[in-house]
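Residue-level structure breakdown
Listed here are the chains, written in short residue letters.
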Amino acid sequence: MSPSPLVRDQAGFSAEAWFVAPIKRHRLLLLAAICLAVLPFVLFWQVWWPDARQRRVFAHGDFTIQHYPMRAFVARELRQGRLPLWDPYAFGGESAVSESLFAIYYPLGFWEVIFPTLPFTALELEAVAQLGLAGIFTFLLVRRLTGRAAAGLIAGVTFSLGGFLTSYPMLQLIILQTAIWLPAGLWLLDIGLDRRSLRCVAVAGAVLGVGILGGHFQTFLYVAYAAGAFLLFRAGRLRLGWRCTLAAALPIECRCVSSEHFLSERDELARFFSGKKTYLMERYYRHMRVKWQLLLEPDGRTPLTGRWNYDAENRKRLPANLRTPPAPSFVRDVSNLTDLLARAGVSSIGTLDARHFNWPLTRAESLQLLEHFVRERLPYFGDYQDAMAERDGLLFHSRLSFSLNVKLLHPLEVVRRAIAEWEARPAEIPFSALEGFVRQIVGWREYVRGVYWAEMPRYRKMNFFEHAAALPGWYWTGQTRMHCLRRVIQQSLEQAYAHHIQRLMVTGNFALLLGVHPDEVDAWYLGIYQDAIEWVELPNTRGMSQFADGGIVGTKPYVSSANYLQRMSNYCAHCPYDPKQRYGPKACPFNALYWDFYHRHAGRLRGNPRIGMAYQVWERMDAQEQQRILEHARWVKEAVEEL
Ligand SMILES: Cc1cc2nc3c(=O)[nH]c(=O)nc-3n(C[C@H](O)[C@H](O)[C@H](O)COP(=O)(O)OP(=O)(O)OC[C@H]3O[C@@H](n4cnc5c(N)ncnc54)[C@H](O)[C@@H]3O)c2cc1C
Ligand code: SF4
């Protein structure tokens, strides 16, 4: 390797670190900025073209009879060391300090003093250069808001070279000088609000204020309205954070602190994946493992055992003879409360044995549940994480989500307790079980929260497949003959609990195959589970389960035919439908819906490399078989309430 020509100087200054490395790191950004700065000169090439025959000048009007002579006067006075107080030439004599047209305080005009007499072309070029600035500011703002450099570039070109700036404001220089500061101010405002930095918000205010010096008060009023609207939008978007947002914008002393009950900051995921198209859970999970130094070698970077993820080993079917431990009981009588609700006429879903309410409601009970989990269930958690069984809806899951979500337990104390148990009983607890459990809490839980804050409020409206079907009424009663759905829904109605695969591959899977509107699916999940809080429910339902976000959370839709359900559960053995048949009166409805789903969304999914296999199988089927499947799917959708 050749030595770098740049050396660290004695005071510790390194040109490599200060200049070369940042330039390398931000080279695409620099390239975009250079393009945006140069493009206006390309569009207005006739202003500076050396060949006089091709040259054009700005149209005769305010630019020639007001702006140019006024600016030339200001530049000459300043150059000669005089304050440009009174211009005896403009309109038969005019006060230059009090007339905004002179824009004597506008900082970008100060360079004009270098000319003994301001050339007309210099002022034209200044106007063109300001278009470039408008483009760069817009690029920075939109890239920040969308996380996409391409979006920033398109917006930058549109604003700087679009009809608004390149027409009237070019000739009415003061409008241009005021308008271009809007995107710069919004960009800094956004940074300031994100960082809760009063200083940065103040700088944003100062930058917007340069627009006043630009000289067009009416345009500045629009700029101020837009900045105010942006501030309100940001405050609304942050919802719970709106107080911090406003406080940061106002001269009120305040300190905003993050919730102590998570392992990452609310915007940490957005910052971690800044500029990336997708959020990969695995990358974030590894980041969290390193951040909290969990399950790492002494070097603090390498995963224990050399592997980060044992997901592939967490997919076993439950053996018929494997005993599952009885769940601890926290029985308490809550009939006072249910009576109160009944008297108040509050309607509800599901069934509740009010005299034997069996959920941990105190910290002591939550700790008891944690102890029970690490001792009795953790050893099998990994292997049977995806399994489902008729006899037991909990299997080896922890049931800790409620205690975690209502902050009776801290996620770090939960994973540390699991790690301690594994350290004490390494022969009994496979590492894959421990890793699988740590991944759920340190990985998935933190990840979905980050996605929620990064993508809301637009996330709540996403509907990638444009699904519009209604949720079948039996989702609220469990009254269907499809046994897997009946079992999982009834369990959910009785216990307000279903484990992850029941939620994802039974109820979620069927709703997605059927094409139910994600709003209805969300409402169901939010209403039915005791651990349902929007920040965790929404990315799981709309994202992971319904793929309504088009792939922000998952790389492909989680759909399956009866094949998967038969492999991972014993539900099919109790079902009147046949998991092997694709059509016919006894055919499992999942099968026809599964192929119908891929068929109707081929335009959106065919190119997804993770789905290619399904399309190959579909395309290998003969046309008659395909036709029968699609007809059966149509019948299933029409008769869904009767299934
Ligand atoms: C469609 C759908 C909706 C869901 N809605 C919710 C919800 O409203 N509230 C909720 O807490 N979880 C939700 N989940 C995630 C997960 O199903 C539950 O956290 C889990 O089933 C709770 O049971 P448990 O405590 O026994 O979990 P375990 O299997 O024992 O896992 C341990 C812990 O890991 C965390 N965890 C595991 N998977 C996830 C995940 N995907 N996202 C966030 N945390 C996770 C939970 O805190 C859980 O308690 C949803 C999943 C799906 C597919
Ligand atoms: S046959 Fe189909 S509907 Fe019945 S339990 Fe199996 S997957 Fe569910």
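Residues numbered from 1 in each chain as written. Chains lettered and ligands numbered in written order. Predicted model: local features only at pLDDT ≥ 70, side-chain atom pairs only at ≥ 80, totals over all residues. Heavy atoms only, no water.

**Concerning the overall build of the chain**
We count it as follows: A run of H or I in DSSP becomes a helix once it reaches four residues, and a run of E becomes a strand once it reaches two; helices and strands are each numbered from the N terminus. Atoms counted for the radius of gyration: C-alpha only. Globule rule: 2.2 Å times residue count to the power 0.38. Only protein chains enter the area calculation, which uses a 1.4 Å probe; residues under 20% of their type maximum are buried, those over 50% are exposed, and those in between are partly exposed. We call two residues contacting when some pair of their heavy atoms lies within 4.5 Å. Only the protein chains shown count as covering a residue, and every accessible area follows the Shrake-Rupley method with a 1.4 Å probe. The sign given to each residue is positive for Lys and Arg and negative for Asp and Glu; His and the chain ends receive no count. To locate a charge, take NZ of a lysine, CZ of an arginine, CG of an aspartate or CD of a glutamate.
If you tally the helices and strands in the chain, you get 29 helices and two strands. Relative to the globule expectation of 26 Å for 643 residues, the C-alpha radius of gyration of the chain, 32 Å, shows a markedly less compact shape. Expressed as a percentage of the 643 residues in the chain, the buried residues total 50%. A fraction of 69% describes how many contacts in the chain between residues 6 or more apart in sequence connect residues 24 or more apart. Accessible area of the chain: about 31,500 Å², with a carbon and sulfur share of 60%. In the chain, which carries 72 positive and 58 negative side-chain charges, the distance between the mean positions of the two groups comes to 3 Å.

**What to know about the domain arrangement of the chain**
Here is the rule: Domain extents, as shown, originate in an automatic or database domain assignment.
Once the domains are mapped, the chain shows domain 1 (32-241), domain 2 (268-455) and domain 3 (473-642). Computed from C-alpha atoms alone, the centre-to-centre distance between domain 1 and domain 3 is 55 Å.

**Some points on the pattern of salt bridges**
Rules: For salt bridges, the criterion is a side-chain nitrogen of Lys or Arg within 4 Å of an Asp or Glu carboxyl oxygen.
What the rule picks out here adds up to 32 salt bridges. The closest approach of N and O atoms between Arg439 and Asp311, which form a salt bridge, is 3.5 Å. Separated by 128 residues along the polypeptide, Arg439 in helix 20 (residues 431-455) and Asp311 in the loop between helix 15 (281-291) and helix 16 (335-343) bring together distant segments of the chain. For Arg439, a relative accessible area of 2% gives the class buried. In this structure, Asp333 and Arg355 form a salt bridge, with 3.2 Å as the shortest nitrogen-oxygen distance.

**Describing the side chain of Glu421**
With respect to the secondary-structure elements, Glu421 resides in helix 19 (residues 411-424). Discounting residues that sit within four places of it in the chain, Glu421 has contacts with Val374, Arg375 and Ile429.

**Digging into the site of ligand 2**
Just so we agree on the cut-off: One heavy atom within 4 Å of a molecule or strand is enough for the residue carrying it to be called near that molecule or strand. Cavities and pockets were defined on a 1 Å grid built over protein atoms only: a cavity is a set of grid points that admits a 1.4 Å probe from which the probe cannot escape, a pocket is an open set flanked by protein on both sides within 12 Å along at least five of seven lines, and lining residues are those with an atom within 4 Å of any such point. Think of it this way: if more than half of a molecule's atoms are within 2 Å of a pocket's grid points, that molecule is in the pocket or cavity. Ten residue types, Ala, Val, Leu, Ile, Met, Phe, Trp, Tyr, Cys and Pro, are classed as nonpolar, four, Asp, Glu, Lys and Arg, as charged, and the remainder, Gly among them, as polar.
In the neighbourhood of ligand 2, the contacting residues comprise Met482, Cys484, Ala562, Leu565, Tyr571, Cys572, Cys575, Tyr577, Pro579 and Cys588. Using a 2 Å cut-off from the grid points, one finds that ligand 2 occupies the largest cavity. Across the shell around ligand 2, the residue classes break down as ten nonpolar, no polar and no charged.

**Remarks on the site of ligand 1**
Put simply, the test is: Each polar contact in these results corresponds to two N or O atoms within 3.5 Å; when the atoms are within protein, one needs to be able to donate a hydrogen and the other to accept it, and residues that are neighboring in sequence are counted only if both atoms are side-chain atoms.
Taken together, 30 residues sit near ligand 1, with His397, Ser398, Arg399, Tyr497 and Asn540 positioned nearest. Arg503 has a polar side-chain atom sitting 3.5 Å from a nitrogen atom of ligand 1. About the coverage of ligand 1: the protein hides 99% of its 820 Å² of free accessible area. Considered class by class, the residues forming the shell around ligand 1 number 15 nonpolar, ten polar and five charged. Built from parts of two domains, the shell around ligand 1 gets at least three residues from each of domain 2 (268-455) and domain 3 (473-642).

**Observations concerning unusual backbone geometry**
Most peptide bonds take the trans form, and the phi angle of most residues other than glycine is negative. The backbone of Ala103 shows a phi angle near 45°, a positive value even though the residue is not glycine. Along the chain, the position of Ala103 falls in the loop between strand 2 (94-95) and helix 5 (120-146). Positive phi values are uncommon outside glycine, yet Leu395 reaches one of about 50°. Residue placement: Leu395 occurs in the loop between helix 17 (363-381) and helix 18 (401-405). A residue is classified by how much of its surface remains accessible, and Leu395, at 0% relative accessible area, is buried.

**Some points on a nonpolar patch on the surface**
Note the threshold: A patch consists of residues exposed above 30% relative accessible area that lack any salt bridge, with like charges linked at up to 9 Å and nonpolar side chains (Val, Leu, Ile, Met, Phe, Trp, Tyr) linked at up to 5 Å.
Taken together, the side chains of Leu78, Leu83, Leu85, Trp86, Val97, Tyr105, Phe110 and Leu213 present a nonpolar region at the surface, about 790 Å² in accessible area. Take Trp86: it is sitting in strand 1 (residues 86-87).

**Observations concerning the packing of helix 22 (residues 500-514) against helix 23 (residues 518-528)**
When two helices pack together, their arrangement is given by the angle between the helix axes and by the axis-to-axis distance. What counts is decided by this rule: The angle between two axes is taken between their N-to-C directions and runs from 0 to 180 degrees, where each axis is a line fitted to C-alpha atoms and a helix contributes only its stretch in contact. Should the near helix be turned counterclockwise from the far one by less than a right angle, the crossing is left-handed, whereas a clockwise turn marks it as right-handed.
Closest axis-to-axis distance for the helix 22/helix 23 pair is 10 Å, and the angle between their directions is 145°. Of the two possible hands of crossing, helix 22 and helix 23 adopt the one that is right-handed. In this structure, helix 22 contributes Arg503, Thr507, Gly508 and Ala511 to the contact, and helix 23 contributes Val521, Trp524 and Tyr525. Here the contact of helix 22 with helix 23 is composed, by residue class, of four nonpolar, two polar and one charged.

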